[in-house]
Amino acid sequence: MSFLRPKFITFDCYGTLTNFHMGTMTRELFADRITPEQMDQFVKDFSAYRLDQVMGDWRPYDEILKTALARTCKRWGIDYREEGQLYYDAVPTWGPHADVPAGLSKIADKIPLVIFSNASDSQIMSNVDMLGAPFHKVFTAEQAQAYKPRLAAFEFMLDNLGCGPEDILHVSSSFRYDLMPAHDMKIKNKAFVARGHEVPGNVFYGYQQITDIGGLPALVGL
């Protein structure tokens, strides 16, 4: 079943469009303190703490990363060596998944594309410039003073687009950050990009699944 033509297609950026190398960096930086057998769990715990850090009042993204990593290290009983800044500095250098530029190019001149990212203003445009397509608007958690999955982040995006939840198709590779709160916001049209970094979703949340951005044009009849 195809979606009706939305007024905007809104995207998560990191993980969905930009290849998010957080796990790869973690495996490299902590290879001297975490055994190969334990590394998958350490990476998952760091991810969980990053989610936990964004659930409260807005704090700068570098602080989110540093505090989440310090908490993970404390939980594991290992030294935290201020590696959080290394992650923050690396994020703007990460380019898109290979499928992204071609997939977006088939849509960008027909439906306005929008990003809401859990990023700082100083980071995001470097990543966006590498996506290979023009974006109508790029919103950040810094602008909204709220991170996804908080509903305030989605409210900020919709308010600034001047539209309702029925007017957008929201696209993400994350249920916990995007598709679950989008459901709560009554955003009916949702696309899950199955990048493999989250477990399979729950049909309760009502979404179309695609393997990559190359599958997106067909959802909007292009």
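Residues numbered from 1 in each chain as written. Predicted model: local features only at pLDDT ≥ 70, side-chain atom pairs only at ≥ 80, totals over all residues. Heavy atoms only, no water.

The name recorded for the protein in an unreviewed UniProt entry is Haloacid dehalogenase type II, from Pseudomonas azadiae.

### Observations concerning helix α8 (residues 151-161)
Inspection of α8 places Ala153, Phe154, Met157, Leu158 and Leu161 among the buried residues, and these make up the whole buried set. Down the axis of α8, the smallest arc covering the buried residues is 125 degrees, so these residues share one side. Where α8 is buried, its residues meet β1 (8-11), β2 (113-117), β3 (137-140), β4 (168-172) and α9 (175-184). (Buried < 20%, exposed > 50% of the residue type's maximum accessible area, 1.4 Å probe, protein only. Helix = DSSP H or I, 4+ residues; strand = E, 2+ residues; numbered from the N terminus. Arc of directions from axis to C-beta. Contact = heavy atoms within 4.5 Å.)

### Digging into the packing of helix α2 (residues 36-53) against helix α3 (residues 61-76)
The description of two packed helices rests on the angle between their axes and on the distance between the axes. Close contact between α2 and α3 brings their axes to 8 Å; oriented N to C, the two are set at 135 degrees. In this view, α2 runs oblique relative to α3, as classed from their interaxial angle. Where α2 crosses over α3, the handedness of that crossing is right-handed. Contacts between α2 and α3 pair Gln38, Gln41, Phe42, Asp45, Phe46, Tyr49, Arg50, Asp52 and Gln53 from the former with Ile64, Leu65, Thr67, Ala68, Leu69, Arg71, Thr72, Arg75 and Trp76 from the latter. By residue class, the composition of the contact of α2 with α3 is eight nonpolar, five polar and five charged. (Axes fitted to C-alpha atoms, helices over the stretch in contact; angles between N-to-C directions. Parallel < 35°, antiparallel > 145°, perpendicular 65-115°, else oblique. Left-handed = near helix turned anticlockwise from the far one by under 90°. Nonpolar A, V, L, I, M, F, W, Y, C, P; charged D, E, K, R; others polar.)

### Structural notes on unusual backbone geometry
For residues that are not glycine, phi is negative in most cases, and the peptide bond is trans in most cases. With omega at 15 degrees, the peptide bond leading from Lys148 into Pro149 counts as cis. One can find Pro149 in the loop between α7 (141-144) and α8. Even without being glycine, Gln145 reaches a positive phi, approximately 60 degrees. For Gln145, a relative accessible area of 44% puts it in the partly exposed group. The backbone of Lys186 sits at a positive phi, close to 65 degrees, despite the residue not being glycine. In this fold, Lys186 is placed in the loop between α9 and β5 (189-193).

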